[in-house]
Every structure is written in structure tokens, then in C-alpha cells.
Amino acid sequence: MVTDNQIGLKWTGSVLPASLLLLSIPLAECDMEPPQHAVAKADEALLAELGYKQEFKRAFTPLEVFGIAFSIIGLLPSIASVLFYAVPNGGPASMVWGWAVASLFILCVGMSMAELGSAAPTSGGLYFWTHSLSSPRCRNLLAWIVGYSNTIGTIASVASIDWGCAVQIMAAVSIGSSQTFTATSAQTFGVYVAIVLSHAVICCLGTAVLARLQTVYVVLNVCLCFAVIIGLPAATPKANMNSASYALGNFTNLNGWPDGYAFILSFLAPAWTIGSFDSSVHISEESSNAATAVPWAIVSAIGIAGILGWAINVSLAFCMGTDVVSLLDSPVGQPMAQIFFNSFGQNGTLALWSFVVLAQYMMGSSMVLASSRQTFAFSRDGALPFSSYLYRMNSFTKTPVNTVWFVAVISIILGMLSFAGSQAIDAIFALSVTALYIAYAIPVIARFVFKNNFKPGPFNLGIFSLPVAVVSVSYMFIMDIVFLFPTTPQTDVANMNYTVVVLGGILTLSIMWYYCPVYGGVHWFTGPVSNIGKGSEESVSSIRESEEKNAHVNVREIPVGA
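Just so it is clear, the structure is predicted and the values come from calculations on it, not from any experiment. (Residues numbered from 1 in each chain as written. Predicted model: local features only at pLDDT ≥ 70, side-chain atom pairs only at ≥ 80, totals over all residues. Heavy atoms only, no water.)

Attention now goes to the overall build of the chain. Helices and strands together make up the secondary structure of the chain, namely 22 helices and two strands. For the chain, the proportion of contacts with a sequence separation of at least 24, taken over those separated by at least 6, is 83%. On the chain, roughly 20,800 Å² of surface is accessible, and the fraction owed to carbon and sulfur atoms is 69%. (Helix = DSSP H or I, 4+ residues; strand = E, 2+ residues; numbered from the N terminus. Contact = heavy atoms within 4.5 Å. Areas by Shrake-Rupley, 256 points an atom, 1.4 Å probe, with all protein chains shown as cover.)

So, about the state of the cysteines. In protein chemistry, a disulfide is the covalent bond that joins the sulfur atoms of two cysteines. One pass over the structure, following the stated rule, counts zero disulfides. Its sulfur unpaired, Cys223 is 9.2 Å from the next cysteine sulfur, which belongs to Cys225. Given the relative accessible area of 49%, Cys223 is considered partly exposed. (Disulfide = S-S within 2.5 Å. Buried < 20%, exposed > 50% of the residue type's maximum accessible area, 1.4 Å probe, protein only.)

What follows deals with the environment of Gly348. Its place among the elements puts Gly348 in helix α16 (residues 335–380). Linking Gly348 and Ala235, residues 113 residues apart in sequence, is a C-alpha distance of 9.8 Å.

Time to look at the nonpolar core. Of all hydrophobic cores here, the largest spans 153 residues; its most connected members are Leu316 and Phe340. Those residues in contact with Phe340 that sit more than four places away from it in its chain are Leu76, Val228, Leu232, Leu316, Gly345, Thr349, Leu352, Trp353 and Val356. Counting residues in hydrophobic clusters, the runner-up holds seven residues, among them Met111, Ala114, Leu461 and Val468. (Core = buried A, V, L, I, M, F, W, Y, C linked by side-chain atoms within 4.5 Å.)

Positive phi values are uncommon outside glycine, yet Ser276 reaches one of about 55°. Relative to the helices and strands, Ser276 resides in the loop between α12 (268–273) and α13 (279–282). Taking the relative accessible area as the measure of exposure, Ser276 reaches 7% and is therefore buried. The phi dihedral of Asn289 is positive, around 55°, even though this residue is not glycine. Within the fold, Asn289 resides in the loop between α13 and α14 (290–319).

With that out of the way, let us pick up the packing of aromatic side chains. Overall, the coordinates contain 30 aromatic pairs when judged by the stated rule. Where Tyr148 meets Phe378, the ring centres are 5.3 Å apart and the plane angle is 80°; that geometry is what we call edge-to-face. Remark: Phe378 occurs in helix α16 and Tyr148 occurs in helix α7 (residues 139–176); sequence separation between them is 230 residues. Look at Tyr148 and you get buried, because its relative accessible area is 11%. For Phe378, a relative accessible area of 0% translates into the label buried. Where Trp272 meets Phe429, the ring centres are 5.2 Å apart and the plane angle is 45°; that geometry is what we call tilted. Residue Trp272 is located in helix α12, and its partner Phe429 is located in helix α19 (residues 422–449); the two are separated by 157 residues in the primary sequence. By way of ring pairs, the aromatic residues Tyr127, Trp144, Tyr148, Phe378, Trp513, Tyr514, Tyr515, Trp524 and Phe525 are connected into one cluster. (Phe/Tyr/Trp six-rings, centres within 6.5 Å; stacked < 30°, edge-to-face > 60°.)

What follows is about helix α20 (residues 465–482). Taking 1.5 Å of rise per residue, the 18 residues of α20 would be expected to cover 26 Å, and the 26 Å separating its terminal C-alpha atoms lies within 8% of that figure. Turning to α20, its buried residues are Ser465, Val468, Ala469, Ser472, Val473, Tyr475, Met476, Met479, Asp480 and Val482. Here the buried face of α20 lies against α5 (91–119), α11 (259–265), α12 and α19. (Expected span 1.5 Å × (residues − 1).)

Time to look at the pattern of salt bridges. Under the counting rule described, the total for this entry stands at four salt bridges. When the shortest N-O distance is used, the salt bridge between Glu64 and Arg212 registers 2.7 Å. Of this pair, Glu64 sits in helix α3 (residues 62–73) while Arg212 sits in helix α9 (residues 207–235), and the two are 148 residues apart along the sequence. Overall, Arg212 belongs to the partly exposed group, its relative accessible area being 41%. The partner of Arg373 in a salt bridge is Glu286, and the shortest N-O contact between them spans 2.9 Å. Note that Arg373 is positioned in helix α16 and Glu286 in the loop between α13 and α14, a separation of 87 residues in sequence. (Salt bridge = Lys/Arg side-chain N within 4 Å of Asp/Glu carboxyl O.)

Our focus in this paragraph is a nonpolar patch on the surface. Residues Phe477, Ile478, Ile481 and Phe485 make up a contiguous nonpolar surface patch of roughly 390 Å² in combined accessible area. Tracing the backbone through its elements, the reader meets Phe477 in helix α20. (Patch = residues over 30% accessible without salt bridge, like charges linked within 9 Å, V, L, I, M, F, W, Y side chains within 5 Å.)

Before going further, it helps to spend a moment on the packing of α19 against helix α21 (residues 499–514). For any two helices packed against each other, the geometry comes down to the angle between their axes and how far apart the axes lie. Two elements in contact, α19 and α21, have axes whose closest approach is 9 Å; the angle formed by their N-to-C orientations is 45°. For the element pair α19 / α21, the angle class is oblique. Crossing angle aside, the handedness with which α19 passes α21 is right-handed. Residues Ala427, Ala430, Leu431, Thr434, Ala435 and Ile438 of α19 form the contact with α21, whose own contacting residues are Thr499, Val502, Leu503 and Leu507. Among the residues forming the contact of α19 with α21, the class breakdown is eight nonpolar, two polar and no charged. (Axes fitted to C-alpha atoms, helices over the stretch in contact; angles between N-to-C directions. Parallel < 35°, antiparallel > 145°, perpendicular 65-115°, else oblique. Left-handed = near helix turned anticlockwise from the far one by under 90°. Nonpolar A, V, L, I, M, F, W, Y, C, P; charged D, E, K, R; others polar.)

What follows deals with the packing of α5 against α20. Direction vectors running N to C along α5 and α20 enclose 125°, while the axes themselves pass 8 Å from each other. Judged on the interaxial angle alone, α20 and α5 are oblique. Note on packing geometry: the crossing formed by α5 with α20 is left-handed. The residues of α20 that touch α5, namely those facing Phe105, Ile106, Cys108, Val109, Met111, Ser112 and Glu115, are Ser465, Val468, Ala469, Val471, Ser472, Tyr475 and Met476.

In this section: the side chain of Thr151. Within the fold, Thr151 resides in helix α7. Exposure remark for Thr151: the relative accessible area of 5% places this residue in the buried category. Within polar-contact distance, the side chain of Thr151 engages the backbone oxygen of Gly147 at 2.7 Å. Non-local contacts of Thr151, meaning those with residues more than four positions away in its chain, are made with Gln374, Thr375 and Phe378. (Polar contact = N/O pair within 3.5 Å; in protein donor to acceptor, adjacent residues only side chain to side chain.)

For helix α8 (residues 185–202), which comprises 18 residues, the first-to-last C-alpha distance of 26 Å matches the rise-based estimate of 26 Å (1.5 Å per residue) to within 8%. Looking at the buried side of α8, the elements it contacts are α7, α16 and α18 (401–415).

Structural measurements only, silent on function.
So, in C-alpha cells, the structure goes:
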């Protein structure tokens, strides 16, 4: 049997369906089967203990689970997308040391998340953990808030990644036209829509195809990193090479905030780059040996990204020259693209930049995949509008095609903010960090604040769990406040930070719906809903009705403590 020591979090409903008992696996039976079959059945049994049946094909190997987290991080294309946050808020010093400091904090966040992911590897992840670990008095509301923060955060990540890809494509056109072409918002948005729709098509493919793509993404990203770390210094003219004292110590503050605060503002670059690592959690129901593969994918992706990203920033700091303003005001529209142009020339930059765009494009497809799985899990538990439509598995591809297109449509709507100005679209980048940090922090807090029966999985920090959690939650709390501030102290309507409007509006609407009279979630949302024994085509409402009937049947029940 799968013992309690092998299970992290327990199902928090009143009873578990009796059919769950049929999924218990005698160890002797596993010993007689090939190892991969034993692992698959153990994964399925662990998922059943959490209240869900196996609906996805477990086609992701541990390397590919790491691959989806690492490919979404993206490193070089991600740094290119958000370098404009670091350059005016400290210049080379913030690029190098801001990255180093922020990476350590982000690693703490990842380790706290990894412990929870090891204990309960399910696609719902964060809101499932929140409901399982919180007090019965507030668990439904907290799970609701985390679920919506996580859902909108992952969709905002899709929007920001694909918008970054569209901007990079337009930068390539500008470089190819000898910087005579400048893209309009409408042109960039058109490219953005095409990218999002193409990602939706890719993510409708079967799980096995999506899993194999992750290895390709990892190889390309690592090769790009070393191409810049080694190739950029070799190709940069001496006139553009900076001294060690400038590259590692010059602090250029262009936005007007106090230097210390400007340094913290530069953290948005590494925070956005080394982000969305909960993607590994959202594909845990498609992963082999998920209780081990998921946490190590999170920690290793963050660790490797922190080291390689720091090396990339050091290389850029030495090769960017001293005219920081010209990098920001370049007609290319991308500081990194301008640095490459100054070092490699037009043809060399176009060649390298094409691979940067390709890597960014791959990031977007991986993010759509992860976001669709979070949306599928949340609709499986009935919390999203149109859940009965979204919670459907395509009979041919065995993937949640409806949620893929839902994510694509909402991403396109978010992209329309670009017509409100650059600050509005910048809010999407910040939203993808702030919303996710809310979703990350609440289950970590719930684990230690509320009385619960948390049992660690294979990945466990032991006595360091609480100190790491304190550091990670403190960091996320501070960052969520910092990223709501405008770019400069002197701001107006056009230059304000609209993150607070978008995030606050979405969370306010979700809470209003929760407390809506008669129809609100407070009247029917009870957290994770077991689907053991149910067909994937059934709506969430029919699942609830069936479970209510089964509650009166005289069967063996498994009580779960509060």
C-alpha cells in the first residue's frame, strides 16, 4: 500500500470516494513489473490519494520536467525582454549585483515551493496546497484567491513572453533596415496575436510531442547563453569594452529614485526572468516520478538560471560601452539588440538575434502549456466561469484543448493594453510577477501558520524549512509592493504604473464573485473536488451532485482530519 509517509498532503473533503481504495498498489505487485510501470502506478496512486484520477498521459521524464521550467525562464531572451528595467536603475552595477542578490532570494522561494510540490504533486498545485493546509474557517476563500492569482499570473506570463517575442521580431526588422524602420503599436500587436495563436495550435498537440520539445528548448537556451558569455567579449571592439571598475562598480541612476530603491527596482529583471517556475508543478500529472522530479526541476532550473544569467549580465556589462542613454533610446527598441549591433555588426546581430527570437518563441509555447494546465485544474474544481466547458479532455490528443484556447484568448485581450501606451503593457510584465508572488506566498504561509497534517515528500529542507520560508515570503511581500510603484518619482497619467489597477481589478472582481449573493462561490465552492470514478467529459456540477449522493451510501470511508 502507499503509506502516509509517502503522501504529502491529504484530501480535505469530508470523505474520499470508496473507489479510491481500489487504486492502492501492493508493493509485491510492483516488484513483478518493469520499473517504469511501477513508477507510473505509484504516481497514479499518489494522485488518487490527493483525490484525482489519472487523466493525462505521463510522458514527461524528469529531464523534460526540468526542461519546461528552464525553457520558460529562457535566460538570454528573457534578459533581453527586461533589460530596460535594470539599465536605468543602476546600470552595470544593478545588472550584475542586482541579479546576484535577487537570484538568491528567488532560490529560497523555489525551495519553499519545491517542498510543497514534492508533498502533493498535482496540476492545481498552489491553490490545492492552500486549501489542504489552511484553517477550515478560511481555506475556501484563500484557495479561491490563490487560484485566481495563479491563473491570471500564468496568463500574464504568456502575454508578457509573447509580447517580448513580438518586440524582438520588430527589433530584427529594424536592424535589417539599417534602423530606419520603427514598429507601430498596431504592427507589434498584429505580430503578437499571430504568435499567441500559433502557440495555441502547438499546445493542442499530444503530451508526448510537447514533452520531447522541452529537450530541444533546453539545448538551444544553453547554447545561446554560452554564445553570449564567450562570443560577445571576443567580438566587441576595444572602444566599447568597459573596465572592471566600470562594469562591476558603476551605478547609473536615470529614473530619479534614491539609489538604494533604484537598485531594488532593478530586481524586476531577474524576478521576471527567473519566474513562472511553478510550471513544473502544473505538469506534475503528466510527469514520471512527479514527487521527486517536480521539486528538483524547480530548484535546479532556478540555480542554473541564476549562475548562467549572472555570467550573461557580466558579459553585457563589460561590452555595453558607457553611453547608457543611447542604449535605451536606440531606434531598435531593445538595449540588448543594440549592444549586439555595436559588437557583431548588422549581419552577425541578425544571425544571433534570430536564435534569441526562436528561444523566446519556445518560451511562449511552454508557458501556454503550463498556463492551460493550471486553468484545467482550476476548472476541474469548478472555480472558473464556464468550468463545465473548460474541464474537457480532447479525445484525440488527450490534452485540454479548450483551456489552451481560453488562455490564448485572454492573453490577446491583455495584449490590447499596448494601445494604452508603453506603461500599460509594462504592467503586464509586473503583473506576471506580483500575481504569482501572491499565489506563491499564501500556501507557504499556510503551512506554518495554520494547524495541519503536512507530511514532507522526498524533497525536504528539514530544520531549514521555516527559515527559508520566512526569507522567501518576506522577499515576495517586499517585491509585490515595490513593483506597484511608477518608473519615476515624478509621474502623470501616461507614466503611472498600471499594475495596481490590473491586479487590483482582477482580484476585486474575483472576490466580488466569491461573495455574490445566491450565485457566488461562497455558496458552492468547497475547494478541490474529487473526480475519482468520473469521466473527463462530465461537468463539475454533475461531479458534485454524484458525490452528494454517494455521501449517503454505506461504503467504507476514509475520514480526513481538519
